[in-house]
Amino acid sequence: MNITDFTMDPKNSRVVRWLQSRPANYTSAHYDGGYAHRCAVWLDTAGYLSPKQIAILEEKMGDWQEPAPEPVRIDSRVRQWVRGRQVPHVRFYVTPGHSPGADFQAKMEALYRPQGLGFVWLHDPVHKAIVEPSGFNRPHRFLCSLGSWDLPGTGIKHLPGDPKRKHADSAPLLNEVVAPDLSTDDSVFEFKNVKVGRNWLVFADRRARTEADGPLTELPEVPRGEVITSLPF
């Protein structure tokens, strides 16, 4: 999501990061994902949480411990579209509540402005959802604060002879389709299937890139007038 005064306030970092740590919701037109998911969507849309929302979420968090902050992660791949306008830019991913500081910003200005590039300062997604298709012949979609992606091979198997459909909540599928777009030069955005109770859930986290991960993949070419994802900003 975009950074805001609320998300960059250190006293709000714990609740924002807890929302980031939540698993992806499996949603449809008849299911909204629960209170925490509604708060995350509100935060992504409005840029803040109310005192009442924070109080309820703090009860749900219990003794959850906020992890150490990540360094600023830089995605140097040049993207063309932001907030509906064609503006060449790079992405910086920042940990909520932890400002990179004036020296870092000045260094980035000196590096990218001469290339005619702007910046988009972001947080990792605060909400994540796997959305059921609205029709039989359409795939599931992965939706989060940073865009939406069709999940090829998924959907509803409805006719005899249809090919076997992929599971939309498969971490390998999400790592293939979604993760490369949210990774950076020095970090990997990674999905994992984790068994919680009797259910398998999808969690996502960012980790440092290693040699085994290889280099960051290039963004696919986008025809003029089109965008890769349905970006909300």
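Our subject is the structure listed above.
Colleague: What's the story with the side chain of S148 in this structure? I'm lost.
Modeller: Looking at the secondary structure, you find S148 in strand β7 (residues 147-150). There is a polar contact of 2.7 Å between the side chain of S148 and the side chain of R141.

Colleague: What is the right way to read helix α1 (residues 13-21) from this model?
Modeller: At 3.6 residues per turn, the α-helix brings residues three or four places apart onto the same side. Of all nine residues making up α1, seven are buried, and the element is well covered by its neighbours. Within the span of α1, buried status applies to S13, V15, V16, R17, W18, L19 and Q20. Tucked into the core, α1 has its buried residues touching α2 (35-46), α3 (51-61) and β5 (128-131).

Colleague: What am I meant to see in the nonpolar core here?
Modeller: A general tendency of soluble globular proteins is for nonpolar side chains to be buried together. Grouped together as the largest cluster of nonpolar side chains are 22 residues, with contacts concentrated most on I130, F142, L151, L174, V178, L182 and F191. Those elements that place two or more of their residues in this core are β4 (118-122), β6 (141-144), α5 (171-177), α6 (179-182), β8 (187-196) and β9 (199-208). Counting residues per element, this core draws most heavily on α5, which supplies three residues. Non-local contacts of L151, meaning those with residues more than four positions away in its chain, are made with I130, P139, H140, R141, F142, A168, L173, L174, V177 and V178.

Colleague: Even after reading the chapter, I still don't get α2, so can you show me in this structure?
Modeller: Helix length check: α2, at twelve residues, gives a terminal C-alpha distance of 16 Å against a target of 16 Å (1.5 Å per residue), a fit within 8%. Taken residue by residue, α2 has A36, H37, C39, A40 and L43 as its buried positions. In a view along the axis of α2, the buried residues occupy a sector of 160°, so they form one face of it. In the segment just after α2, G47 is the residue with positive phi, at about 90°.

Conventions used here
- Residues numbered from 1 in each chain as written.
- Predicted model: local features only at pLDDT ≥ 70, side-chain atom pairs only at ≥ 80, totals over all residues.
- Heavy atoms only, no water.
- Helix = DSSP H or I, 4+ residues; strand = E, 2+ residues; numbered from the N terminus.
- Polar contact = N/O pair within 3.5 Å; in protein donor to acceptor, adjacent residues only side chain to side chain.
- Buried < 20%, exposed > 50% of the residue type's maximum accessible area, 1.4 Å probe, protein only.
- Contact = heavy atoms within 4.5 Å.
- Core = buried A, V, L, I, M, F, W, Y, C linked by side-chain atoms within 4.5 Å.
- Expected span 1.5 Å × (residues − 1).
- Arc of directions from axis to C-beta.

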